[in-house]
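Notes for the structure review
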Amino acid sequence: MTSTLVTSIGELTTWEPDRPVRHDAAIVFDQGAVVWVGDAADVPPADLRIDAAGRAAVPGFVDSHSHLIFAGDRADEFEARMAGQKYEAGGIRRTVRLTREADDATLLANARAIVDEMRRQGTTTVEIKSGYGLTVHDEQRALRLARELTPETTFLGAHVVPVEFADDPDGYVDLVTGEMLDACAPFAHWIDVFCEAGAFTVEQSRRILEAGAARGLGLRLHAGQLGESGGVQLAVELDAASVDHGTFLSDADVDALAGSQTVATLLPGVEFSTRQPYPSGRRLLDAGATVALATDCNPGSSFTSSIPFCIALAVREMGMTPREALHAATVGGARALRRDDVGHLRVGATGGLALLDAPSASHLAYRPGVPLVRQVVG
Ligand code: NIG
Ligand code: FE
């Protein structure tokens, strides 16, 4: 492996505490890690040299929420929603059926293609959940495949109650917290639950998260997607790394998040694709909460792999400035995964850099839908 210098960077966002943005800057990577940051006038020698010619560079994005192990799509549901139909959690069962029928090679190739698509749009760290298997065998298989693509794997056996358990949801919770957890924990870093009407109650979610914690898994939660619930406060009480969606948040939820280490991960691709109201990032930031932005890439509620698209929505619809949205998609995502080695470009960082075909990072929101990521380095 050789060292790579990127120089003549017009605007370099490093998120260094005393100097978060540098101008006419340069950076050196060695073995994928940042080893030097400074002025373009003082560059050290390196094996390879990339001339950014005044372009902007940002840390590789951290997409802390995705569901990539699935087969098929649900474009018909999207079309129906655009014509006025409501999103319902039950659609998940359609993808479960198709995913169970697919072979390993197909599932892995589909997921890998989306990870590659993400990388072309600047994402260098991705979390991937199971949750379209819902049997011991199929959940373990999903995590085994996800592990091929990222260390940030999440066991989401509690995505929805599968049809076989329609009359016995607590029996399914017994399976998730017992045999399924035993089979999946070795392949998972995190455990997650969809805590929502039509999925799992707060009490069921507590049981599942506590069982995961007892097996050494980190905690995350889907909550507040379809209505307010006690899920957000459960996440804070259990010190979950992140509570995701937050489309509907009470004042007490916002206060609880602000006084905690739990990140509020907002997923504006979902509001876009389900025609729900966008949550206010401004309200959370003003209260002092840490906010992350992620795609939630999945075939039901948000089939986008693009963090730049989410940044644009956060700026246009959620009261966030372009800088705040970039912070949420980098540092915020890293905090949601309790990582401090990605989402920034200080010496030691390992998440790489996205070089933009633009003079400043605000173009990510200013030029929505334009493929601005020219190259990923590091
Ligand atoms: O994060 N909300 C739960 N799970 C996914 C949706 C999955 C689906 O509809 O297939 C989400 O939005
Ligand atoms: Fe999700």
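Calculation rules
Residues numbered from 1 in each chain as written. Chains lettered and ligands numbered in written order. Predicted model: local features only at pLDDT ≥ 70, side-chain atom pairs only at ≥ 80, totals over all residues. Heavy atoms only, no water. Near = heavy atom within 4 Å. Polar contact = N/O pair within 3.5 Å; in protein donor to acceptor, adjacent residues only side chain to side chain. Areas by Shrake-Rupley, 256 points an atom, 1.4 Å probe, with all protein chains shown as cover. Buried < 20%, exposed > 50% of the residue type's maximum accessible area, 1.4 Å probe, protein only. Helix = DSSP H or I, 4+ residues; strand = E, 2+ residues; numbered from the N terminus. Pairing = 2+ DSSP bridges. Donors = N, O, S within 2.8 Å, 3.2 Å for Na, K, Ca; no water. Axes fitted to C-alpha atoms, helices over the stretch in contact; angles between N-to-C directions. Parallel < 35°, antiparallel > 145°, perpendicular 65-115°, else oblique. Left-handed = near helix turned anticlockwise from the far one by under 90°. Contact = heavy atoms within 4.5 Å. Nonpolar A, V, L, I, M, F, W, Y, C, P; charged D, E, K, R; others polar. Phe/Tyr/Trp six-rings, centres within 6.5 Å; stacked < 30°, edge-to-face > 60°.

1. Here's the deal with the site of ligand 1
Lining the immediate environment of ligand 1, one finds 15 residues, of which Y87, Y132, Q225, D296 and S301 sit closest. H67 places a side-chain nitrogen or oxygen 3.3 Å from an oxygen atom of ligand 1. Within the side chain of H222, an N or O atom sits 3.1 Å from an oxygen atom of ligand 1. Contact with the protein chains removes 100% of the 320 Å² of surface that ligand 1 exposes when unbound.

2. So, the pairing of strand β1 (residues 4–16)
Most of β1 sits out of view: 11 of its 13 residues are buried. Here 4 bridges tie β1 to strand β4 (residues 48–51), and the two strands are oriented parallel to one another. Paired with V6 across the bridge in β4 is I50. The turn linking β1 back onto strand β2 (residues 19–30) is made up of 2 residues.

3. Some remarks on the coordination of the iron ion (ligand 2)
Of the protein atoms, only H65 (NE2), H67 (NE2), H222 (NE2) and D296 (OD) coordinate the iron ion (ligand 2), at distances of 2.0 to 2.3 Å. Site description for the iron ion (ligand 2): donor spacing in sequence, H-x1-H-x154-H-x73-D. Taken together, the residues H65 in the loop between β6 (61–63) and α1 (75–82) and H222 in strand β11 (residues 218–223) connect sequence positions 157 residues apart. Considered together, H65 and H222 belong to a single accessibility category, that of buried residues.

4. Considerations on the packing of helix α11 (residues 307–317) against helix α12 (residues 322–336)
Here α11 crosses α12 at 140 degrees, and the two axes come no closer than 9 Å. As far as their axial angle goes, α12 and α11 are oblique. Considering how the two elements wind past one another, α11 and α12 form a crossing that is right-handed. Two secondary-structure elements touch here, α11 through I307, I311, A314 and V315 and α12 through P322, A325, L326 and A329. Looking at the contact of α11 with α12 residue by residue, the classes come out as 8 nonpolar, no polar and no charged.

5. A look at the packing of aromatic side chains
As enumerated under the stated definition, the model contains 5 aromatic pairs in all. Relative to F309, the ring of F272 has its centre 5.1 Å away and its plane inclined at 85 degrees; by these criteria the two rings are edge-to-face. Residue F272 is located in helix α9 (residues 268–274), and its partner F309 is located in helix α11; the two are separated by 37 residues in the primary sequence. Note on F272: relative accessible area 39%, which makes it partly exposed. With a relative accessible area of 25%, F309 lands in the partly exposed category.

6. Re the side chain of T153
Inspection of the secondary structure puts T153 in strand β9 (residues 153–158). A residue is classified by how much of its surface remains accessible, and T153, at 0% relative accessible area, is buried. A distance of 2.7 Å separates the side chain of T153 from the backbone oxygen of F187, its partner in a polar contact. Contacts of T153, omitting those with residues within four sequence positions, involve I128, L143, A146, R147, F187, A188, H189 and W190.

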